[in-house]
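Reading the structure
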Amino acid sequence: MNTPLRIWITGASSGIGHACARTLANAGHRVWASARSLDPLDALANESVHFPGELIAYPVDVTVPNEVSACANAMVDAWGGIDVVIPNAGMGLFNPLHEAPLTEWHTMVDVNISGVLSTLHAALPSLLSNRGHVINIGSLAARQVFPNSGVYCATKHAVLAISESLRTEFRNELAVTTINPGAVNTPFIDRTNNDELRANYRPQFDAGMTPEYVAEGVLFAVESRGRGVVSELTLRPDRRGS
Ligand code: NJP
């Protein structure tokens, strides 16, 4: 088995983050799982007692910088450091640009950019001293723009730029990976407030990849240590049918 790594993941209560937390703990790693909703995190922690690794649930709202730094400090106090951070918490509130309330734009910027930055800022000192790994969750929307999701696309372009700046600045100290998924079947689209768009998009996500498939990609990137660095991984649904 690979050496167990100490991994902090945000947005672990649902979807991709939840699947990553399970997959990584099941592969023997030590997972510090964060989100705002404690019930699903506690359920995950209870389930994980049967896994070879370890999983601790620690609630955090990534839009509150003091909570984020307290979470990182608690992990370092408990486990002595952070080897991998996965700032996965993110939201896409789809709406045509001219119809979206300003609050939706701010929410996406607060969670998808500021939340990622707060998480990285809190984790970086420990990551740098451990020659650690940042795994950012981008999107196809990090390289393309789509209608009805202009601000979401802008936030994911920012995530990719943050990854690239870390990779450039810390070439000899950090591994940096950006995972760019297409549609994944999670509650992601259910958070969209525009009823018509939510209903129209849902089938596309129903036919998307499983979050467990994305988690396999994350596990591969995490366990590449010493062999190579996955700098960008694009995953798209297989539309060929069975
Ligand atoms: O979405 P969902 P996904 N503070 O809604 C958390 C990207 N992505 O797993 O706090 C802390 O199931 C929320 O937890 P809670 C996407 O952009 C997806 O699909 O309890 N956490 C939950 O755990 C995002 O970056 C697709 O509400 C906060 C999690 O975020 C990542 O994948 C395609 C929070 C969201 O889980 C995970 O999305 C793509 C806060 N303030 C990229 N606000 C896709 N699904 O198709 C939310 O290209 N969370």
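Residues numbered from 1 in each chain as written. Predicted model: local features only at pLDDT ≥ 70, side-chain atom pairs only at ≥ 80, totals over all residues. Heavy atoms only, no water.

**Here's the deal with the confidence of the model for the protein chain**
Looking at the protein chain, the pLDDT average stands at 97 and 99% of residues meet or exceed 70. For the protein chain, helix H2 (residues 38–47) is the element with the lowest average pLDDT, namely 97, and strand S4 (residues 84–86) is the one with the highest, namely 99. (pLDDT = per-residue confidence, 0-100. Helix = DSSP H or I, 4+ residues; strand = E, 2+ residues; numbered from the N terminus.)

**A closer look at the site of the ligand**
Surrounding the ligand, one finds 32 residues, the nearest of these being Ser14, Ser37, Ser139, Pro181 and Thr186. Within the backbone of valine 184, an N or O atom sits 2.7 Å from an oxygen atom of the ligand. Burial of the ligand by the surrounding chains reaches 97%, relative to a free accessible area of 890 Å². Of all elements in the fold, only helix H1 (15–26) and helix H5 (150–169) reach the threshold of two or more residues within the shell around the ligand. Looking at the shell around the ligand residue by residue, the classes come out as 16 nonpolar, 12 polar and four charged. (Near = heavy atom within 4 Å. Polar contact = N/O pair within 3.5 Å; in protein donor to acceptor, adjacent residues only side chain to side chain. Areas by Shrake-Rupley, 256 points an atom, 1.4 Å probe, with all protein chains shown as cover. Nonpolar A, V, L, I, M, F, W, Y, C, P; charged D, E, K, R; others polar.)

**Looking at the side chain of arginine 6**
The topology assignment puts arginine 6 in strand S1 (residues 6–10). Only 3.0 Å separates the side chain of arginine 6 from the backbone oxygen of tryptophan 79, close enough to count as a polar contact. Apart from residues no more than four positions distant in its own chain, arginine 6 is found in contact with Arg30, Met75, Trp79, Gly80, Gly81, Ile82, Asp83, Val84 and Asn130. (Contact = heavy atoms within 4.5 Å.)

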